[in-house]
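So the chains spell out like this:
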Amino acid sequence: MDRVDFTVNGEQCSVGCEVDSTVTLLDYLRQNLELRGTKYMCREGGCGACIVSAAKCPGDTPQSVNACLVSITSCKNWEITTIEGIGNRLKGYHPIQKTLAEHNGSQCGYCSPGWVMSMYSLLKNKSPTMMEIEQSLGSNVCRCTGYRPILEAFKKFGKDSPDKILDIEDLKICKKEDCNSCSDRDEWCFIDKEEVGNILKYIRLQDNRDWYRVETVFDIFRIWAERGTDSYMLVAGNTAKGVYPIEEYPRLLIDVSEVSELKNYLFDQNLVVGALNTLTEFMTILETVSKVQYFQYLKVLLDHLKLVAHIPVRNLGTIAGNLMIKHHYPSFPSDVFLLLETIGAQITVATSLTKKILKMKDFLKEDMRGKVVCSVLIPPLSDNHKIVTFKIMPRAQNAHAIVNSGFHYTLNPNNRVVSCRLVYSGLSDSFIRAKATENYLTGKQLFSDETLQGALTVLERDLVVVPNPPSPSVEYRRQLALALFYKGLLSLSPKSATTNSRARSGAGKIHEARPLSDGRQIFDTNPTLWPLNKPMPKIDGLIQCAGEAQYTEDVPTLPREVFAAFVLSTVSLAKIERVDASRALKYPGVIAFYTASDIPGPNSYTPAGRTFNLTNEELLCNGEVKFYNQPIGIIVGKSYAIANRAAKLVSVTYSNVRKPVVDIKIAKNDPTKNSMVTSIDATGRGNDVTKVITGENTIYGQYHFCMETLVTVSHPIEEGLKVYAATQWTDIVQQMTSRTLQIEQNRIDVQVRRLGGGYGYKISRATQIAVACNLVAYKLNRPCRFIQSLTNNMRAIGKRLPCSVNFEMAVDAKGVIQYNNFSSYSDNGYIVNEPLINLGLDVYNNCYDKTRWNYKAFNTLTDTASNTWCRSPGTLENIAMAEFFMERISYELGLDPVDVRLNNLDNATHGDLREMVQTLKMNSDYDNRRKAVNKFNSENRWRKRGLRFSFLRWTPAGSLYLDITMSVYHDDGTVAITHGGIEMGQGVNTRAIQVCAYLLNIPVEKIQIKPNDTTISPNNFASGGSLTSQNVAIGVQKCCEQLLSRLASLRTELNNPTWEVLIKTAHSRDIDLQTHGFINMNDVQNYHIYGVTSVEVEIDVLTGESEIIRVDLLEDVGRSVNPEIDIGQVEGAFIMGAGYWTSENLVYDPTTGELLTNRTWEYWVPQARDIPQDFRVYFRKRSFTNDILFGAKATGEPATCMGVAVAFALREAIVAARSEVGLPRNQWFELDGPYTVEKICMAAGTRKEDFKLI
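These numbers were taken from a predicted model, which means no experiment stands behind them. (Residues numbered from 1 in each chain as written. Predicted model: local features only at pLDDT ≥ 70, side-chain atom pairs only at ≥ 80, totals over all residues. Heavy atoms only, no water.)

Draft legend 1. Structural view of the sheet that holds strand 17 (residues 417-425). Taken together, the 3 strands give an open sheet; going across it, the order is 15-16-17, and neighbouring strands pair in antiparallel fashion. The two strands at the open ends of the sheet, each matched to only one other strand, are strand 15 (385-392) and strand 17. Taking each pair of neighbouring strands and ignoring which way they run, the sheet shows an average axis angle of 5°. Sheet topology places strand 15 next to strand 16 (residues 403-411); 8 bridges connect them, and they run antiparallel. Bridge pairing in strand 16 places K386 opposite Y409. (Pairing = 2+ DSSP bridges. Helix = DSSP H or I, 4+ residues; strand = E, 2+ residues; numbered from the N terminus. Axes fitted to C-alpha atoms, helices over the stretch in contact; angles between N-to-C directions.)

Structure, rendered in structure tokens:
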């Protein structure tokens, strides 16, 4: 039987019948080759963690590809390079790896290998400009850094960079040489049958699928003739599974990626493009041919295709593949189909006997069973053809269209319409062309208000828009369709035809005009204190960028290892009558199934009785389903794919199914769902009442989006269990495993090296996966991996707590609050277990005078997963609400929002903010920019800007229980430290080393931090609340002071010897060289963190899209232990907050309670082109806490709270748009977060009658 041969990092590899249809290149690299530097998160091409570089045939140019999408059997003759292959500690590190690390572009580090490989592949393909580099990274997500340092590092490789990195041999552009596939772009490549020989490859895969690799269309039809067409799939890039997950592959898998007769292009009267060209190849063809007469319009298509997915997906996906997704799934908003339909292209389809040419709309109706898409025919068009296209997305890159459209007008010399095509996607499955509107326009003068308004009236009737959750509303998509028609006319109309200069602002594309991003970081540092206060990269940054840093799931595979997955409920509220796993247990490779009845001890993964764990939460459902997708059981299989597939085969019978309540705005009005936490009464009341303001405000959840999902690896050992858990809290994993399995704690060892992001998600939620994994390992006495998929993470696990407030406040003429009665409701999910609202009780007033505030806090229940810690829990919600009060006052009274804030400031306690406001106003040139924003808004009808502030007072709360142990080795004086903190990107290990080196007066290179485990650091509290770094530093200080005290007399005796001599001598004299520091309640340090942020944004009123123009952020971080790390923490926190207020929208089905935005396809975190165009971070000067903290303050969470300034700036821009339609600026409008493109557009109040050309 045949095999597939390829190389990985120059080493020959081969696969055959031992692999099954589900094995991807990612699986093979990590599990078979143990090359675990390549990471993963989404497994659908949406995050970039899995990117590797691949030359698809010898001598070809390497390209970036998503290893999670590529079937391993599709890698014939590929030359694959992984992160390990470009640089490592043995052969030296690659300049890209070093540069990224040096610029602190790696925090948790989990995404770093994918970023490096994207950049590596880009430089192998071209010598890009800085702008091209920035535009080429839509394939990758980073939740930690806020992207700025990554972009700053990579732009140094731009050919126009002022400090370009030169003379790097590995970065020479790879020239394509002879390749098995045809490289001549000017004509078709024909292969005679005699030349082919025996090129058909066949493998019977392990799961009884038949895999073929063909190189001619003839062979495709031959296989179908022999094997039938009842169950098959033509495989090229396999990128469709990133859009529509494939649960099981069909019987026949035919790899067509090297059918050369379906590639390249030629000219007859049309441009004929082979359908098997990848989208990248298609773009190259378009760029080349756009220089040919009658095909210059292809530049429009090329620009649009740059918005399709991202480079690695375009390197894999083909024209035919994209079109076939559209054929199978009519709701798929295919940009390729839209473009081809817009220009009137046709498609060639072949059967075994004939070929026929179809119009694009007819292709969708064609029965494609047993047929092959051969080519697309692109017509030549003269200059009187005018084409414009649009793609409206929820963020700037790497997202599918909400609505996309293409407009093609054929005009006579007088601009009358000879013919036209108005094409839409994203409105409904059936609606493609606005035929009635096309007929109306024909013969009319295109660029006139009369024609415009008439066409809009017809188009509004013409459009067929249907609900399609979680897509935005019917109303928004209809409004968007009308606006895009208008936008198209503005874009095409000559200036002489559009005399309304203010209206011309609607013509452009807001993201297309985005300039190269920039950033500044301004802070003080004192070299006399170094390494303390030194701005230096993370100690482990380089090994993270090289893929050498190990994470939980990087633990090597052991023999007999099994994989586990949850079986999830498919209703929200019901009683389970019966669970039938018989079908799942018969599935090949399935080993076991467990339910709550199989748990030896309590069915819980939370330690009831603690301050932030009030009660038990079920590990597995006990029979009463509490929320949609609650874990019911655990399936165990021989592979990740088997376990996850079998989990869906378990049949569950329910009774008494009820409709859930998933919205806190509804739940807060049900007394049975609310319990009061506290009531804080005002101590005063004013009587100078100018206005009484009442209302409510609601903000919703946020998914943490850790690049490393929840994962645990458990190994049975002689003592009991060795547990590698991705957790922020080792003690709870050990404790709950002990309770659940009824075994002693000292038989359970829990180890954490580092986390791929945490943000609070892994404080308690990781324990559910850990305990479930340990249950399987204990029951089977076999190693187990429990890798929670992204989808299951989002479905089954809680998120940031939504919050809703009701209020009534009275103010005087200056906006000073006379009284404020407000109630805050915190959505805990189905159970009040982690009352995180308590963390915000101290900041319900933020920094404002609270003497007149009556505050009531309630815990609220909804029928959703138990919500949990998320970066600045409790505090973010209360700070945001206090800031909203200030904004509301400023609008209602027409006052400057900064003045309102200052008028209400608690000067006695938080007066530091007054000075910080003045500093930021000066640094940001606020007064001049305020005038510029007003001028811009007066001159532009369809673009509006907003410039707004937010204030911050953030007070760390709580204490930690931590053990820190320092060991010094006598022969060379090197130091090893273990501590109970968890490194998750915040730089706790680097800071600990800096403090230790400073106190011991030794080089940082002599110090190492060892992994955290429950043997060395038992009973430790969770790492969170931004407190870990400072408390570990206190513990290190205690260790150093103990050691220095022991060595003091000897140092004097030896007359100030070298460190090495001192230690060696101390050891010879039996001085203990190990010390211990213990942190508890007595080490609590009280201080306030202050911040002021100004944000300027611009919105496209017609579409709702927005750009963050500039951010100036001033934060009081004290005297930073490491300013570079703290800058990264502040930037990353702010961007996470900005995402919360803009694009990160959780959509639930209100009837079933199902979360519909449960993967990267529908949940959009900010990416590199979504960050501020100009991002300036300042640290407050001359700030110092105390000597115990070395003068520093926490930085991990506070800046998240200042992301609300983005929402305020967007609201101001919306208000400017509303004033254009006569809506008063002081008329408040309710707009709950996040401020999505839909909400921005609809809140602007635009009417089609407002669309004008003249």
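So, next bit.
Draft legend 2. Seen up close, the nonpolar core. The biggest cluster of nonpolar side chains holds 334 residues, and the ones touching the most others in it are F6, F485, I634 and F1134. For I634, the residues in contact, after removing those within four places along its chain, are A564, A565, F566, A592, F593, Y594, L620, A772, L775, V776 and F786. Core analysis: the second largest hydrophobic core is formed by 41 residues, L271, V289, L302 and L338 among them. (Core = buried A, V, L, I, M, F, W, Y, C linked by side-chain atoms within 4.5 Å. Buried < 20%, exposed > 50% of the residue type's maximum accessible area, 1.4 Å probe, protein only. Contact = heavy atoms within 4.5 Å.)

Draft legend 3. Representation of the pairing of strand 12 (residues 346-350) within the structure. Across the 5 residues of strand 12, 4 count as buried, placing the element largely inside the fold. Pairing of strand 12 with strand 13 (residues 355-359) involves 5 bridges; the strand directions are antiparallel. Along strand 13, the bridge assignment pairs A350 with K355. Here strand 12 folds back onto strand 13, and the loop between the two strands holds 4 residues. By the bridge criterion, 5 bridges tie strand 12 to strand 14 (residues 372-378) in an arrangement that is antiparallel. Residue pairing in the sheet places Q346 in a bridge with L377 of strand 14.

Draft legend 4. The sheet that holds strand 11 (residues 271-274), seen in detail. Spatial ordering of the open sheet is given by 10-11-14-12-13, a layout of 5 strands whose pairing is antiparallel. Every interior strand has two partners, whereas the edge strands, strand 10 (265-267) and strand 13, have only one. When the angles between neighbouring strand axes are averaged without regard to direction, this sheet yields 25°.

Draft legend 5. Structural view of the environment of D2. Among the structural elements, D2 can be located in the segment before strand 1 (4-8). A C-alpha to C-alpha distance of 5.7 Å links D2 and Y202, two positions 200 residues apart in sequence. Excluding its chain neighbours within four sequence positions, the residues that come into contact with D2 are G16, L200, K201, Y202 and I203. Of note is the side chain of D2, whose polar atom sits 2.8 Å from the backbone nitrogen of Y202. (Polar contact = N/O pair within 3.5 Å; in protein donor to acceptor, adjacent residues only side chain to side chain.)

Draft legend 6. Main features of helix 13 (residues 335-343). Burial analysis of helix 13 places 9 of its 9 residues in the buried class, which makes it a mostly covered element. Structurally, the start of helix 13 carries an N-cap: the backbone nitrogen of V336 is 3.4 Å from a side-chain oxygen of S334. Directly after helix 13, the chain includes G344, whose backbone phi takes a positive value near 80°.

Draft legend 7. Focus on the environment of I1007. Note that I1007 resides in strand 37 (residues 1007-1009). Taking the relative accessible area as the measure of exposure, I1007 reaches 4% and is therefore buried. As a C-alpha pair, I1007 and R421 span 586 residues in sequence and 68 Å in three-dimensional space. Discounting residues that sit within four places of it in the chain, I1007 has contacts with V975, I977, I993, C996, A997 and I1002.

Draft legend 8. Structural context of the packing of aromatic side chains. Applying the stated rule across the entire model yields 45 aromatic pairs. Summarising the aromatic geometry, the rings of W224 and Y232 are spaced 4.8 Å apart at their centres and angled 55° between planes, so their arrangement reads as tilted. When its relative accessible area of 6% is taken as the criterion, W224 is described as buried. Where Y848 meets F951, the ring centres are 6.5 Å apart and the plane angle is 20°; that geometry is what we call stacked. Of this pair, Y848 sits in the loop between strand 32 (817-827) and strand 33 (853-860) while F951 sits in strand 34 (residues 943-954), and the two are 103 residues apart along the sequence. An aromatic cluster is present here, built from F807, F822, Y844, W853, Y855 and F885 joined pairwise through their rings. Between the NZ or CZ atom of R754 and the centre of the ring of Y551, over which it lies, the distance is 5.7 Å. Across from the ring centre of F1229, 4.4 Å away, lies the NZ or CZ of R1211, which sits over that ring. (Phe/Tyr/Trp six-rings, centres within 6.5 Å; stacked < 30°, edge-to-face > 60°. Lys NZ or Arg CZ within 6 Å of the ring centre and 35° of its normal.)

Draft legend 9. Layout of the side chain of Q1167. Tracing the backbone through its elements, the reader meets Q1167 in the loop between helix 33 (1123-1141) and strand 42 (1174-1179). Residues contacting Q1167, with those up to four places away along its chain left out, are G138, S139, N140, V141, Y147, R395, Q397 and N398.

Just geometry here; none of it tells us what the structure is for.
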